[in-house]
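Now for the letters of each chain:
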Amino acid sequence: MLDPWSYSETGDYSHLMDEFGIEVFDPDILPHSETQPRLFRERIVFGQRGFEHISRRIARSEPFAIMSGLMPSGRMHLGHKMVIDQILYLQGFGARVFVGIADLESYATRNMPLDKAREIAIGSYVRNYLALGIGKEGLEIYFQSRRKEVKDLALLLGKKVNLSTMRAIYGFNDQTNMGHMNAPLLQAGDILHPQIKLGPIPVVVPVGVDQDPHMRLCRDLASSFRTYNGTETSDGRIGVFVKVDEDVSGHLERAKVSLEAEGFLDFKMIPSYKALYVMGASRSDLVTIDEALARVEAEKGGYGFLPPASTYHRFIKGLTGEKMSSSKPETAIFLDDLPDDAASKLMKAITGGRETAEQQRKEGGRPDICSVFDTMMFHTVKEEKEIQRIRSECLSGERLCGQCKREAAEHMRELLTDLKSRRDETEHLLNLYISEE
Ligand code: SF4
């Protein structure tokens, strides 16, 4: 079981992928460009569910949305920034961006008063989000406590899940308060509500791997509200199955018409099986078929929720070697740290260096386990040639940690100084993008 409120393992997640069916994320499905963050190429983003809906939209320059949430319970650090870096890249393909501030969840699970959550969310997170550049057309930042669609959806979705499922996914017990039990439904409401506003549209949620239980629950809930199920059958055919008992022939006919519009021409309809087989279609057509069926459902007054996609990133090691965490300030560089304070934290960070300079010159350092190298790799050194030079100098022993840390600290000073001035420059955007409903 993965606990989304306390999981902190770093390192190898292959057991989670095997156990929970997370698929490998292949960065080659995204356009290669200078703007593609290293997070993708260096496999920090390592897993996904349902990303084929998103990659298809990107390839066709068609709309999609990004949903991101923030739990206002501590200060924003470099680990949180990595989500924004992913959003910025995907936003470059024209995605609508929804940022939900999980103030109700932080009240239920961390006992955080709503007014305090608001203060932290805006002061420590939203100001940095805008400084990092996500303030563009199509951005909406909202509070869970104020968005009616999210709260209504949480109630409606609750009809489709029972206590034993919630216990199995989250390990809830008799002492778990009802607010906490409701928090995953609110999250599902967050993730699905863009499709209430925009109609069926692929939505991707970039998250840490610890959030996968929410994604599994939400994808199941989205499916449970669907009328159609398009799937590959055991004999390799592609079938569309109606999940309700009323007006089966009507549903099958409407599915057929919508798929004809997508270019499918040959069908076998068997109303007694509630089935429409799409002859000549293959598994790779399922995304097209599912999106067409979702539109039919929405046109007939249903929800037509497409299952939300997700990407999963690794937790980045903190400065002390454990997960970077707001609750352990010594592990993290916060985006509002004074540049000199951040620099001195870096000077004390755990590195991948050897015990002595002599040993390091002889055996080389280990950049791949070095938290200082990570800060340069993922946050401060933009030039590919430059980061490769640092890596190879470290590996060869030419580079020693003292000087390297001084360079990394200087880079970090520049980043945080620049971010501070951009926070000031973008302050006026707060009113533009924060919605009070
Ligand atoms: Fe890390 Fe730099 Fe030391 Fe290599 S030389 S282990 S990159 S601090």
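Residues numbered from 1 in each chain as written. Predicted model: local features only at pLDDT ≥ 70, side-chain atom pairs only at ≥ 80, totals over all residues. Heavy atoms only, no water.

Participant: So what's going on with unusual backbone geometry? Residues and values would help.
Facilitator: Non-glycine residue Asp 247 carries a positive phi angle of around 50°. Of note, Asp 247 is situated in the loop between strand 8 (238-242) and helix 11 (248-261). Assessed through its relative accessible area of 44%, Asp 247 is described here as partly exposed. Phi at Lys 274 is positive, roughly 55°, even though this residue is not glycine. Position of Lys 274 relative to the elements: it lies in the loop between strand 9 (267-270) and strand 10 (275-278). Given the relative accessible area of 22%, Lys 274 is considered partly exposed. (Helix = DSSP H or I, 4+ residues; strand = E, 2+ residues; numbered from the N terminus. Buried < 20%, exposed > 50% of the residue type's maximum accessible area, 1.4 Å probe, protein only.)

Participant: So, the sheet that holds strand 10: which residues are in play, and what are the values?
Facilitator: Reading across the sheet, the 4 strands line up as 7-8-10-9 and stay open at both edges, with antiparallel pairing between neighbours. The open sheet is flanked by strand 7 (228-232) and strand 9, the only strands paired with a single partner. If you compare each strand with its neighbour and ignore which way they point, the axes differ by 20° on average. Sheet analysis places strand 9 next to strand 10, joined by 4 bridges and oriented antiparallel. Bridge pairing links Met 269 to Leu 276 in strand 10. (Pairing = 2+ DSSP bridges. Axes fitted to C-alpha atoms, helices over the stretch in contact; angles between N-to-C directions.)

Participant: Summarise the sheet that holds strand 1 (residues 23-24); cite the residues concerned and give the values.
Facilitator: The strand order across the open sheet built from 7 strands is 1-2-11-6-3-4-5, with neighbouring strands paired in mixed fashion. Of all strands in the sheet, those with a lone pairing partner are strand 1 and strand 5 (139-143), marking the two edges. Sheet topology note: the strand 4 (residues 96-101)/strand 5 ladder contains 5 bridges and is parallel. When the sheet's bridge partners are listed, Val 97 is paired in strand 5 with Leu 139.

Participant: For the pairing of strand 4, give the residues involved together with the corresponding values.
Facilitator: The buried count for strand 4 comes to 5 of 6 residues, which makes it a mostly enclosed element. Taken together, the 6 bridges between strand 3 (residues 65-70) and strand 4 define a ladder with parallel strand orientation. If you follow Met 67 over to strand 4, its bridge partner there is Phe 98. Each parallel crossover has a hand, and the one from strand 3 via helix 4 (residues 78-91) to strand 4 is right-handed. (Right-handed = clockwise from strand over helix to strand, strands pointing away.)

Participant: Account for the site of the ligand, naming residues and giving values.
Facilitator: All residues adjacent to the ligand are Thr 351, Gly 352, Gly 353, Gln 360, Cys 370, Phe 373, Cys 394, Arg 399, Leu 400, Cys 401 and Cys 404. Put simply, the ligand lies in the largest cavity. For the shell around the ligand, the per-class residue count stands at 6 nonpolar, 4 polar and 1 charged. (Near = heavy atom within 4 Å. 1 Å grid on protein atoms, 1.4 Å probe; cavity = no way out; pocket = protein on both sides within 12 Å on 5 of 7 lines; lining within 4 Å. Sits in = over half its atoms within 2 Å of the grid points. Nonpolar A, V, L, I, M, F, W, Y, C, P; charged D, E, K, R; others polar.)

Participant: Can you tell me about empty space enclosed by the protein, naming the residues and giving the values?
Facilitator: Counted under the stated rule, the structure contains 2 cavities of 30 Å³ or more. Considered as a void within the structure, the largest cavity measures approximately 120 Å³ in volume. Lining the largest cavity we find 17 residues, and of these Cys 370, Cys 394, Arg 399, Cys 401 and Cys 404 sit closest to its centre. For the lining of the largest cavity, the elements supplying multiple residues, two or more each, are helix 15 (371-380), helix 16 (384-396) and helix 17 (401-426). When the residues that make up the lining of the largest cavity are grouped by side-chain class, the tally is 10 nonpolar, 4 polar and 3 charged. (Points joined across faces, edges and corners; volume = space filled by probe spheres on them.)

Participant: Help me get a handle on the domain arrangement of the chain, residues and values and all.
Facilitator: Per the domain assignment, the segments of the chain are domain 1 (13-225 + 306-315), domain 2 (228-299) and domain 3 (337-432). The distance between the C-alpha centroids of domain 2 and domain 3 comes to 53 Å. (Domains from an automatic or database assignment.)

Participant: With reference to specific residues and values, describe the packing of aromatic side chains.
Facilitator: Applying the stated criterion across every chain yields a total of 9 aromatic pairs. Taking 5.5 Å as the distance between ring centres and 80° as the angle between the ring planes, the aromatic pair formed by Phe 225 and Tyr 303 counts as edge-to-face. Of this pair, Phe 225 sits in the loop between helix 10 (212-224) and strand 7 while Tyr 303 sits in the loop between helix 12 (286-299) and strand 11 (309-313), placing them 78 residues apart in sequence. When the ring of Phe 241 is compared with that of Tyr 277, the centres are 5.9 Å apart and the planes differ by 90°; the resulting orientation is edge-to-face. Of this pair, Phe 241 sits in strand 8 while Tyr 277 sits in strand 10, and the two are 36 residues apart along the sequence. With relative accessibility at 7%, the residue Tyr 277 sits in the buried group. Taken together, the aromatic side chains of Phe 25, Phe 40, Phe 51, Tyr 89 and Phe 93 make up a single cluster linked through ring pairs. Lying over the aromatic face of Phe 225, Lys 160 brings its terminal NZ or CZ to 5.2 Å of the ring centre. Seen from the ring of Tyr 277, Arg 237 lies directly overhead, with NZ or CZ sitting 3.9 Å from the centre. (Phe/Tyr/Trp six-rings, centres within 6.5 Å; stacked < 30°, edge-to-face > 60°. Lys NZ or Arg CZ within 6 Å of the ring centre and 35° of its normal.)

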